[in-house]
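One letter stands for each residue in the lines below.
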Amino acid sequence: MPEPTQVLPEVLGQIRALPVSRRPLIVCDVDEVVLHLIAHLEDYLHARDLMFLKHEYRLTGNIGTRNERRELPAADVRRHLQVFFDEICPRQDLVPGADEALHALARDWDIVLLTNLPGGHNKPVREKRLAEMGMTFPVLTNSGPKGGAVAALAAGRPAPVVFIDDSPTNHSSVHASLPSAMQIQFIADARFRETVDPAGHISLVTGDWQETSAFIGGIVPGARRPEPAD
Ligand SMILES: [Mg+2]
């Protein structure tokens, strides 16, 4: 179990710039949740005679050559990811139903998109791609585990805050920092979803936005004690 993490100053600045609101809150990841990532990364790897060695939730040690299945060194993986993100961020495809579901949920909930962008990839490119698909919800960029940011976002909101993300690391971090969160592990890619062994703090594992919407529709915000304002 990880320790609660502090929110990074640059993330806190973005949180403080949001309009003040006491509405229920959904904090939603982007990659592999709202926009496809794994499918694009697999195309990128195959074009270079590389592949995922396993459908496991880690990249270093899990990307290798297609012929010999030889693991790529960590530095090479980092370099490829940098090139990949430069190429893909302006044209990532929508996960089907994400736009409709989020717009419908926005009638009762505030939606904040909390995304980790590696290597200084810039927020405007991501915001533009999301806006092209009709999603103009606030976008916050983070780096590292998300618990501190989600706990800061939850201040003054009715519990539970809903957290939607693919990454087990982010879910553990949110559970450590905000145990009252309702946690949905959304993984668009079925192969990676099937290898996940969900932690006890995960309430739903899914790759389907209709199922996600229906699940959130059954939550009554404010039925629990609110998170204290800081
Ligand atoms: Mg993600």
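Rules of the game
- Residues numbered from 1 in each chain as written.
- Predicted model: local features only at pLDDT ≥ 70, side-chain atom pairs only at ≥ 80, totals over all residues.
- Heavy atoms only, no water.
- Domains from an automatic or database assignment.
- Contact = heavy atoms within 4.5 Å.
- Buried area = accessible area lost by both parts, 1.4 Å probe.
- Salt bridge = Lys/Arg side-chain N within 4 Å of Asp/Glu carboxyl O.
- Polar contact = N/O pair within 3.5 Å; in protein donor to acceptor, adjacent residues only side chain to side chain.
- Donors = N, O, S within 2.8 Å, 3.2 Å for Na, K, Ca; no water.
- Helix = DSSP H or I, 4+ residues; strand = E, 2+ residues; numbered from the N terminus.
- Buried < 20%, exposed > 50% of the residue type's maximum accessible area, 1.4 Å probe, protein only.
- Pairing = 2+ DSSP bridges.
- Axes fitted to C-alpha atoms, helices over the stretch in contact; angles between N-to-C directions.
- Parallel < 35°, antiparallel > 145°, perpendicular 65-115°, else oblique.
- Left-handed = near helix turned anticlockwise from the far one by under 90°.
- Nonpolar A, V, L, I, M, F, W, Y, C, P; charged D, E, K, R; others polar.

1. Quick word on the domain arrangement of the protein
Under the domain assignment, the protein is made up of domain 1 (9-36 + 93-217) and domain 2 (38-91). Taking only C-alpha atoms, the centre of domain 1 and the centre of domain 2 are 24 Å apart. With 20 residues of domain 1 at the interface, the matching set in domain 2 holds 14 residues. Summed over both partners, the interface of domain 1 with domain 2 buries about 1,600 Å², with 63% contributed by carbon and sulfur atoms. Linking domain 1 with domain 2 are one salt bridge. Between glutamate 42 and arginine 191 there is a salt bridge whose closest N-O contact spans 2.9 Å. Summed over the shared surface of domain 1 and domain 2, the number is six residue pairs in polar contact (both at pLDDT 80 or more).

2. Here's the deal with the coordination of the magnesium ion
Coordination of the magnesium ion by the protein involves Asp29 (OD), Asp31 (O) and Asp166 (OD), with metal-donor separations of 2.0 to 2.3 Å. Here the donor residues for the magnesium ion map to a single chain with the spacing D-x1-D-x134-D. Remark: aspartate 166 occurs in the loop between β6 (162-165) and α7 (168-177) and aspartate 31 occurs in the loop between β1 (25-28) and α2 (38-47); sequence separation between them is 135 residues. Classification of aspartate 31 as buried rests on a relative accessible area of 8%.

3. Some points on the sheet that holds strand β4 (residues 110-116)
A sheet is described by the order of its strands in space; here six strands give the open sequence β5-β4-β1-β6-β7-β8, paired in parallel fashion. Of all strands in the sheet, those bounded by a partner on one side alone are β5 (139-142) and β8 (202-206). Within the sheet, the average angular offset between the axes of one strand and its neighbour, ignoring direction, is 20 degrees. Two elements, β4 and β5, share four bridges in a ladder whose sense is parallel. Among the inter-strand pairings, asparagine 116 is bridged to a residue of β5, identified as asparagine 142. Set on the sheet, helix α5 (residues 123-132) makes contact with β4 and β5; between it and β5 the angle comes to about 145 degrees.

4. Quick look at the packing of helix α1 (residues 9-16) against helix α6 (residues 147-154)
At their nearest, the axes of α1 and α6 sit 10 Å apart, and the two run at 25 degrees to each other. Comparing the axis directions of α1 and α6 gives the class roughly parallel. Where α1 crosses over α6, the two elements pack in a sense that is right-handed. Facing Val11, Leu12 and Ile15 of α1, the residues of α6 in contact are Ala149, Ala152 and Leu153. Its residues assigned to classes, the contact of α1 with α6 shows six nonpolar, no polar and no charged.

5. A closer look at the side chain of histidine 171
Assignment of secondary structure puts histidine 171 in helix α7. Here the side chain of histidine 171 touches glutamine 183 through a polar contact of 2.9 Å, side chain to side chain. Residues in contact with histidine 171, not counting those within four places in the same chain, are Phe163, Asp165, Gln183, Ile184, Gln185, His201 and Ile202.

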